[in-house]
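Coordinate analysis (summary)
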Amino acid sequence: MLEIRALDVDIDGSRILSRVDIDVTQGEFVCLIGRNGAGKSTTFRTIMGQRKPVGGCVAFKGQELAGLSTFQIARLGIGFSPEESEVFADLTVAENIEMPTWVAGNRSTRSAAERIGMAYQMFPKLEGYRSRGGGQLSGGERKMLSIARALVLDPELLLLDEPFEGLSPVVIPQISEGLAAIRKGGRAILIAESQFHHVPDFTDRLYVIERGEIVFQGTVAQAERDAATMQILRGTDGA
Amino acid sequence: MPAPSTTEAARRNRNLCAIGGGVLLVAVLALLPGVASPYTLTMILPVFAYAIALLGLNLLFGTSGLLSFGHALFLAIGAYAAAVMTGHWGVKSLELVLLGGIAAAVVVAIPVGFLSVRYTRIFFGMLTLSFGMLFHSFLIKFYNVTGGDTGMSVKRVRLLGLDLSHLSRVEFQTGPLYYYALVLVIAATLLMWRIVQSPFGLHLRAQRDNARKAEYLGVRVHAFRLAAFVLSAAYGAVAGVLLAVRSGNADPELAYWTHSGELVFMTVLGGFASFVGPLVGAFAFIFLRDWLMGMTEFWRLAMGGILVLVVIFVPRGLAGLAADATTRLRNQFDLRSRR
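All of the points below concern the structure found in this document.

Criteria and cut-off values
Residues numbered from 1 in each chain as written. Chains lettered and ligands numbered in written order. Predicted model: local features only at pLDDT ≥ 70, side-chain atom pairs only at ≥ 80, totals over all residues. Heavy atoms only, no water. Helix = DSSP H or I, 4+ residues; strand = E, 2+ residues; numbered from the N terminus. Contact = heavy atoms within 4.5 Å. Areas by Shrake-Rupley, 256 points an atom, 1.4 Å probe, with all protein chains shown as cover. Lys, Arg positive; Asp, Glu negative; His and termini not counted. Charge placed at Lys NZ, Arg CZ, Asp CG, Glu CD. Buried < 20%, exposed > 50% of the residue type's maximum accessible area, 1.4 Å probe, protein only. Pairing = 2+ DSSP bridges. Phe/Tyr/Trp six-rings, centres within 6.5 Å; stacked < 30°, edge-to-face > 60°. Lys NZ or Arg CZ within 6 Å of the ring centre and 35° of its normal. Axes fitted to C-alpha atoms, helices over the stretch in contact; angles between N-to-C directions. Parallel < 35°, antiparallel > 145°, perpendicular 65-115°, else oblique. Left-handed = near helix turned anticlockwise from the far one by under 90°. Nonpolar A, V, L, I, M, F, W, Y, C, P; charged D, E, K, R; others polar. Core = buried A, V, L, I, M, F, W, Y, C linked by side-chain atoms within 4.5 Å. Polar contact = N/O pair within 3.5 Å; in protein donor to acceptor, adjacent residues only side chain to side chain.

Topic: the overall build of chain B
Of the regular secondary structure elements, chain B holds 15 helices and two strands. For chain B, the C-alpha atoms occupy an extent of roughly 70 × 55 × 45 Å along the three principal directions. A fraction of 77% describes how many contacts in chain B between residues 6 or more apart in sequence connect residues 24 or more apart. In the structure as shown, chain B presents an accessible area of about 16700 Å², 69% of it carried by carbon and sulfur atoms. Charge-centre separation for chain B: the mean point of 27 positive side chains lies 10 Å from the mean point of 14 negative side chains.

Describing the pairing of strand E7 (residues 157-161) of chain A
Note on strand geometry: in a regular strand, side chains alternate between the two faces of the sheet. Residue and element names in this part refer to chain A. Counting buried residues in E7 gives five out of five residues, a clear majority hidden from the surface. Of the two faces of E7, the one carrying Leu-157, Leu-159 and Asp-161 and the one carrying Leu-158 and Leu-160 are both buried. The pairing of strand E6 (residues 78-81) with E7 spans four bridges and is classified as parallel. If you follow Gly-79 over to E7, its bridge partner there is Leu-158. Pairing of E7 with strand E8 (residues 188-193), which is carried by five bridges, proceeds in the parallel orientation. Looking across to E8, one finds that Asp-161 is bridged to Ala-192.

Overview of the packing of aromatic side chains
A complete count under the given rule lists 15 aromatic pairs over all chains for this structure. Measuring from ring centre to ring centre gives 4.9 Å for Phe283(B) and Phe287(B), while their planes differ by 35°; the resulting arrangement is tilted. Highlighted residues: Phe283(B) and Phe287(B), both in helix H13 (residues 277-295), separated by four residues, approximately one helical turn. An aromatic cluster of three or more residues is present, and its members are Phe44(A), Phe80(A) and Tyr216(B). It is Arg156(B) that lies over the ring of Phe172(B); its NZ or CZ is 4.2 Å from the centre.

As for unusual backbone geometry
Residue and element names in this part refer to chain A. Within the chain, Ala-6 stands out as a residue other than glycine whose phi angle is a positive 45°. Checked against the element boundaries, Ala-6 lands in strand E1 (residues 2-11). We classify Ala-6 as buried; its relative accessible area is 19%. Look at Asp-154: it is not a glycine, yet its phi comes out positive at around 55°. For Asp-154, the position within the fold is in the loop between helix H5 (139-152) and E7. Of the residues examined, Asp-154 reaches a relative accessible area of 6% and is grouped as buried.

A word on the sheet that holds strand E10 (residues 213-218) of chain A
Residues and elements named next belong to chain A. Taking strand neighbours across the sheet as the criterion, the six strands line up as E6-E7-E8-E3-E9-E10 in an open arrangement whose pairing is mixed. Either end of the sheet is taken by a strand with one partner, and the two such strands are E6 and E10. Each strand of the sheet is rotated relative to its neighbour by a mean of 15°, with strand direction disregarded. Its contacts with the sheet place helix H2 (residues 70-77) against E6 and E7, and it is angled at close to 115° to E6. The strands touched by helix H6 (residues 172-184) are strand E3 (29-33), E7 and E8; relative to E8, the strand with the most contacts, the crossing angle is about 150°.

Here we look at the packing of helix H4 (residues 94-116) of chain B against helix H8 (residues 176-197) of chain B
Residue and element names in this part refer to chain B. H8 packs onto H4 with a crossing angle of 45° between their chain directions and a minimal axis gap of 13 Å. If you check the angle between H4 and H8, you find them oblique. In this structure, H4 crosses over H8, and the sense of that crossing is right-handed. Side by side, H4 and H8 meet where Leu-94, Glu-95 and Leu-98 of the first sit next to Leu-177, Tyr-180 and Leu-184 of the second. Class assignment of the residues belonging to the contact of H4 with H8 gives a composition of five nonpolar, no polar and one charged.

Thoughts on the nonpolar core
In this structure, Ile47(A), Ile78(A), Leu157(A), Leu159(A), Leu190(A), Phe48(B) and Leu94(B) are the most contacted members of the largest nonpolar core, which totals 136 residues. Apart from residues lying up to four places away in sequence, Ile78(A) is in contact with Ile47(A), Met48(A), Phe60(A), Leu65(A), Ile73(A), Leu153(A), Pro155(A), Leu157(A) and Leu159(A). Ranked by size, the runner-up nonpolar core spans 45 residues in total, among them Phe29(A), Leu151(A), Leu158(A) and Val208(A).

A word on the side chain of Thr267(B)
Residues and elements named next belong to chain B. Locating Thr-267 in the fold gives a position in helix H12 (residues 257-270). A polar atom in the side chain of Thr-267 sits 2.8 Å from the backbone oxygen of Leu-263. Residue contacts for Thr-267: discarding those within four places in its chain leaves Leu-54, Leu-57, Asn-58, Phe-61 and Phe-272.

Here it is, written out as structure tokens:
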């Protein structure tokens, strides 16, 4: 579904991503793991058309994404929840969630109400906060809202940049359960993660990124058997 | 009581208050010609015109986060459209003149907006300022077409097909034109309220917060901004037509950058974060300026000082001040009724 081939990305003249290959197939839960600055966010921004690659290509469902603008890529069916402050503080929770249903040209066959209902179903906690302002939410609630909102686009692929970052250990399982439910619904999910112990146990495959290069790909069990990879992954936990 | 229903009730309460206040204000304005002096009434006409212009400007500034320093351009286009239509083309009906002014503003706003909305903050402000100045120089230099710095005269118009040429200038302004403009303000306000509350308005607010994030959700940020720009230009043109019909003249100073600055001043004075702020600002500005001009020849200095004080001490403007006061009153009332 998502195919990234030999992707090279430069920022201000220095190579940030180098020959990155990533595949995500339908219904798969894939985790891109690496230290801060390894190139995870750059990978996501390049998929969303914000960075122009100097080499390689990104394709979604067989369609080359080069030359498309961000909003067009979103409408193709890629929901992106970025790492930074995720909600529109000025809008209420309900407005934040409804927003993607007003976008013309979405290819979803589901009705707006259906898509909104689905989002609340994944994160029931948000239901009680409908009329609350986006700025009044805690960090965990914001992450939920951001993921829920991306979900309302009815995407076939969800990109989540560090969905567990900075959250209390109590909240992490709530988000994790939400992700598991989304995956069960048949959507593909690619998450970026900087800490190995956050990687959910239902993860299908793991890509380890180090200094802009993919240094390992395989299942979590395979990674645990690979000494060199584990050294990098342990490094992420220590950081 | 659970939290959501209390906020729901509060919102309903607030809406009722707003509707009540609006009806009261309209009633006062409608009865004013019976009691106020003709001088006051002729002062209120520009208030109506500016109220409409500022509703448009604030769709850009307050709602979309784009501060235009060249918005007077569109008032000037409205005014000159009125001059050309009534003077050269012999159009008599104000309704047609309004439509013509809007059409002219839209035609200009599409290319200007197309270039400007790619930028935000100071870059947007500077671009709009430049386009405003460009038009001002055109008005001054091409005096064969535009009358140069004397401008062009605007002929008396018919309102709803009624020939009112038998009325004196003051009678025309304080009677039929006054009510005509009042109805226009009401219609423009209701329409803008709908626009701001609609999904379209929501998208504008979202892209103001973070344009990139809005794009992640499939929003065509530039297209939405352009639509807001064109709408605000249309509002500006309606204001320009009204100003020109009132004064009987389309003046190049309407396009000068200080006039754009005054529009921003009014918005800040009234409070750009509030929907009614611009309406309050237009009213306060016109009467404040008139009062200061009567008091001292240094009125510009005094206006500048007031702007400084407003920005420092009441950044949310007069509307923000009023909102705080009503909240305090309501809280006191709630406390007392609970006892």
